[in-house]
Amino acid sequence: RHRTMSGTESCYGDPRRHLRGYGRTEEEEELLGRGASGRVVLDELAHPPHTHVAVKHAEAGFYSDFDACPFATWAHPNVVHIICRLKDERGCLMEVRELMRGGEAFDEVAESGAMATCDAASFIFQAACGV
């Protein structure tokens, strides 16, 4: 894996140094998703160039600190890697993650409608084997 920063241990860097798209308005960002804790947008690392990442912007007050995240230290090939965490001058927390294309597993299941018991068991088994 290509690591551009010192990893999740050094939690707070300057977003202007690390992200090419930092400072864009929400209208200029490419939104990848939105959830209870904030939004996820597409961005590019400054070093190395052309490395696209997903950046999770936490809504104000949702997290007081990303250090509380239990998944931050996982190092597994089937778990999305957290490259680093950044905090801007306003105190906004951002988590820079490796970019995974293809959508959510939940969406795949929801689109298939009712799932046969053996298919559901196979899906759960595959997910468990992945981690």
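Just so you know, these numbers come straight off a predicted model, no measurement behind them. Counting of residues starts from 1 at the beginning of each chain's written sequence and follows it residue by residue. A pLDDT threshold of at least 70 governs which residues receive local features in this predicted model, and a stricter bar of 80 or more applies before side-chain atom pairs are shown or counted, although totals over entire chains, interfaces and linings include all residues. To obtain the side-chain values, all non-hydrogen atoms of the structure were included, while hydrogens and water were left out.

### Some thoughts on the pairing of strand β1 (residues 30–35)
Judged from the five bridges that link them, β1 and strand β2 (residues 38–44) form a sheet pairing that is antiparallel. Its bridge partner being in β2, Gly33 is matched across the sheet by Val40. Here the rule is simple: two strands pair whenever DSSP picks up at least two bridges between them. Put simply, DSSP H or I for four residues or longer makes a helix, DSSP E for two residues or longer makes a strand, and each gets a number counted from the N terminus.

### Points about the confidence of the model for the protein chain
Predicted coordinates in regions of low pLDDT should not be interpreted in detail. Every residue gets a pLDDT, meaning the predictor's confidence in that residue, from 0 to 100. Predicted confidence across the protein chain gives a mean pLDDT of 75, with 76% of residues reaching 70 or more. Predicted confidence in the protein chain is weakest over helix α2 (residues 105–111), with a mean pLDDT of 73, and strongest over β2, with 91. For this analysis, residues touch if any pair of their heavy atoms sits within 4.5 Å. In the model, residues 1–11 has pLDDT below 50 throughout and makes 24 contacts with residues more than four positions away in sequence or in other chains.

### Some points on the pattern of salt bridges
By definition, a salt bridge exists where a carboxyl oxygen of Asp or Glu is found within 4 Å of a side-chain nitrogen of Lys or Arg. Applying the stated criterion across every chain, the model contains seven salt bridges. With a closest N to O distance of 3.6 Å, Glu26 and Arg34 form a salt bridge. Classification of Glu26 as partly exposed rests on a relative accessible area of 48%. Note on exposure labels: buried denotes an accessible area under 20% of the residue type's maximum, exposed denotes more than 50%, and partly exposed covers the range between, all computed with a 1.4 Å probe on protein chains only. When its relative accessible area of 53% is taken as the criterion, Arg34 is described as exposed. Glu95 serves as the salt-bridge partner of Arg97, at 2.5 Å between the closest nitrogen and oxygen. Arg97 sits in the partly exposed class, given a relative accessible area of 25%. A relative accessible area of 1% places Glu95 in the buried class. Each of Glu26, Glu29, Arg34 and Arg39 takes part in salt bridges that share partners, so that together they form one network.

### Some words on the sheet that holds β1
Spatially, β1-β2-β3-β5-β4 is the arrangement adopted by the five strands of the open sheet, whose pairing is antiparallel. Only two strands of the sheet have a single partner each, and these edge strands are β1 and β4 (82–87). Averaged over neighbouring strand pairs, the angle between their axes works out to 25° when direction is ignored. In this analysis an axis means a line fitted to C-alpha atoms, helices contributing only their contacting stretch, and an angle means the value between N-to-C directions, from 0 to 180 degrees.

### Structural notes on the nonpolar core
Residues belong to a common nonpolar core when they are buried Ala, Val, Leu, Ile, Met, Phe, Trp, Tyr or Cys residues joined through side-chain atoms within 4.5 Å. With eleven residues, the main nonpolar core is built from Leu19, Val41, Leu45, Val53, Val55, Ile83, Cys84, Leu86, Cys92, Met94 and Val96. Elements with a contribution of two residues or more to this core: β3 (52–58), β4 and β5 (93–98). Among all residues touching Cys92, those that are not within four sequence positions of it are His57, Ala58, Leu86 and Lys87.

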